[in-house]
Structure formats: structure tokens, C-alpha cells
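Residue strings, one per chain:
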Amino acid sequence: MLIRRPDDIPSSEITGESLYQNRRAFIGTAGTLALGSVLAPAALSALSATGRGGAQKDDITPEKDATTYNNFYEFGTGKDEPAENAKDFKTKPWTVAVDGMVKNPRTWALEDLLGKLTVYDRTYRMRCVEAWSMVIPWQGVQLKDIINRLEPLPSAKYILFHTLHDPRRMPGQRSGVLPWPYKEGLRMDEANHPLAILATGMYGKSLPNQNGAPLRLVVPWKYGFKGIKSIVKISFVDRQPLTTWADANSAEYGFYANVNPAVDHPRWSQAKERRIGEFLKRNTLPFNGYSEQVASLYAGMDLRKFY
Ligand SMILES: Nc1nc2c(c(=O)[nH]1)N[C@H]1C(S)=C(S)[C@@H](COP(=O)(O)O)O[C@H]1N2
Ligand SMILES: [Mo]
């Protein structure tokens, strides 16, 4: 795994992006500790572990790291491969087919699908199941705004996304490392949560190919593999769909994939994470720190069973 300390990153790389330079992430409910409150010794050592007087800082990950350390198996399984192998991938024109339990099944030109919807700036903590994390300033539309536009039928209980399947354009698909096309889905109430977005950009620029151009899902309270890239089809269905990683290895990857430090991956702990660019590990937070916003979606569910 590539882990670079801030000192290793040439200053030209971090000062080039004036819009986001030194900007502290706005990321909702990062739990801040009231200084001056009485702290138990355990809390004090937790404080010193953060090293910065308590509240965890969520500085935006350098753009260079976010665009060169990627998971996008359609372009290779190495972290550095998508940036190289997706360089010439053409994302214009782009269409998105919509089928299943929806008022008008049809194929949309991407511009029409997005047309006139509000584009939001959303800086989110992102947590990969491999126990590394980043903080990324996304631009995109709320998934719920797209869903409203598409008008699913009341029978639709889940939304399922598909990545492009074209081995001529996606060299990784010439191998059977995953069952293609890559598929990911959400329960309809999860999909309609305002934190869920379809991203079209990051760091104030259009989405780089290696990050899922021209349209990718971002669900910040779930493990990164839920964030399916280069979406060409959206299906509305009434049963929990089979998703790629659950299909590849159901013992290790479930449908829900909510970030949960209390449920280890069968082969490694999920309790801590390495923020890319930092040296010390930090504690992973339930729902990746978005509990206050999303925990009610899962009230009464056994999150060990529904991992
Ligand atoms: N189509 C597709 N989408 C994908 C993946 C993939 O291999 N193929 N990898 C997932 C994983 S495991 C992660 S952690 C994120 C990484 O997104 P990033 O490269 O933009 O950080 O993309 C997700 N979306
Ligand atoms: Mo991941």
C-alpha cells in the first residue's frame, strides 16, 4: 500500500489547487470533545493519540493521492493502474439505461439525466474496506433528485447500478478477477437519503476517469466498494439484488456494507484505519462518523448479521 507522509508530497502538488488548499473539510458530525470537560484517563490517551488536542481533523486528502491511489478493477487491480490504464477512456457521449419498476423505462443521455438538477459540493470521509481512508471534496447531484426524476413504481424496493461492461475499453475485464459487470445497489430508503450522491466531479473539476467518470455513486457511511463507478444502467427491483463483491465472496462482503468498527472483516480488523497521508492509524467510527444522520435507517436491524 502506498502511504505517503505529508512531507513526502512536493509542495507544488498541494499548493496547485487554490480552491481547496488548506480548507478544512465540512463533514457533518465529526464528534468534537468539549475541552474543559472532565475526561477519564482512557479518553485522555485517546486524545493524545490524535495528537492535536482532541477533535480529529479531517483535512482534505491531496488531490494527487485521490487520483493515483485507486480501486477500479476494470482498469487493473494495482492501486496505480487505473490512473494509467484509464487515461484514454472515452466518456462522451455517455448514456444511462433505466429499467425495471419505473414509470418510463428508457435510455437517457447523461446531460438529460442530470439536466437542471442542483449540483452540490460535498466533502466526505471515504473509508475503504481495506482499512484506508481519504477525505474527498465531491461535486454531484443528490441521488434522491435523480430518483424523483425517474419515477420508480411503489413496488420498487431496491435500486441497482451497473458499470459499463466492455472488455475492449476496460482491459481489466479481460480477466475474471470479478464477475462483470460490476454491480452495486441500495435499499430505496438508503438511496433517498440526502447524503447519497451521484458524483460528476471532485476537487472542483470533472471526475477523472480513474475515479469513475462520468458518473459514480458516493455513499459516505458505507465501505468504498458500494461507490460504483462509470454507471451505464440503473434498475429498480423488488428484491435485494446480488451485488458484485457479495457475489464474488459472500462470506466477506455483504449487501449493506455499513462501516462498522465492531465487525471485523474475516481476514483483518476494521477497528482502525490509515488516513492516506497520515502516519498513525485512527479509530474507525460507526457509519464512518455519519451515525447521527443515518443510524435510524437501520433501527432494529442486527448489523452483525446484515453486514
Ligand atoms: N466499477 C467499479 N467501481 C468501483 C470499484 C471497482 O473496482 N469497479 N472499486 C470500489 C472500491 S473497493 C473503492 S474503495 C472505490 C474507490 O474509489 P476511488 O478510486 O475514487 O477512491 O471505488 C469503488 N467502485
Ligand atoms: Mo474499497
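Criteria and cut-off values
- Residues numbered from 1 in each chain as written.
- Chains lettered and ligands numbered in written order.
- Predicted model: local features only at pLDDT ≥ 70, side-chain atom pairs only at ≥ 80, totals over all residues.
- Heavy atoms only, no water.
- Core = buried A, V, L, I, M, F, W, Y, C linked by side-chain atoms within 4.5 Å.
- Buried < 20%, exposed > 50% of the residue type's maximum accessible area, 1.4 Å probe, protein only.
- Helix = DSSP H or I, 4+ residues; strand = E, 2+ residues; numbered from the N terminus.
- Contact = heavy atoms within 4.5 Å.
- Near = heavy atom within 4 Å.
- Polar contact = N/O pair within 3.5 Å; in protein donor to acceptor, adjacent residues only side chain to side chain.
- Areas by Shrake-Rupley, 256 points an atom, 1.4 Å probe, with all protein chains shown as cover.
- 1 Å grid on protein atoms, 1.4 Å probe; cavity = no way out; pocket = protein on both sides within 12 Å on 5 of 7 lines; lining within 4 Å.
- Sits in = over half its atoms within 2 Å of the grid points.
- Pairing = 2+ DSSP bridges.

**Notes on the nonpolar core**
Counting residues in each nonpolar core, the largest one holds 75 residues, and the members touching the most others are Trp138, Leu143, Ile159, Trp221 and Phe236. Considering each element in turn, this core owes the most residues, six residues, to strand β4 (residues 132–142). Not counting the four nearest positions on each side in its chain, Trp221 is found in contact with Glu190, His193, Leu195, Ala196, Asn258, Val259, Phe287, Asn288, Tyr290, Val294, Leu297 and Tyr298.

**Points about the site of ligand 1**
Around ligand 1, a shell composed of 15 residues is seen, among which Asn70, Tyr73, Glu74, Gly227 and Lys229 lie nearest. Note that an oxygen atom of ligand 1 is positioned 2.8 Å from one of the side-chain N or O atoms of Asn70. A distance of 2.8 Å separates a nitrogen atom of ligand 1 from a polar atom in the side chain of Glu74. Burial of ligand 1 by the protein amounts to 94% of the accessible area it has alone, namely 530 Å². If you map ligand 1 onto the pockets, it falls in the second largest pocket.

**A closer look at the pairing of strand β10 (residues 231–237)**
Sheet analysis places strand β1 (residues 95–100) next to β10, joined by four bridges and oriented parallel. Across the sheet, the residue bridging to Ala97 is Lys233, located in β10. The sheet contact formed by strand β5 (residues 158–163) and β10 spans six bridges and is antiparallel. Counted as the bridge partner of Ile159 is Phe236 from β10.

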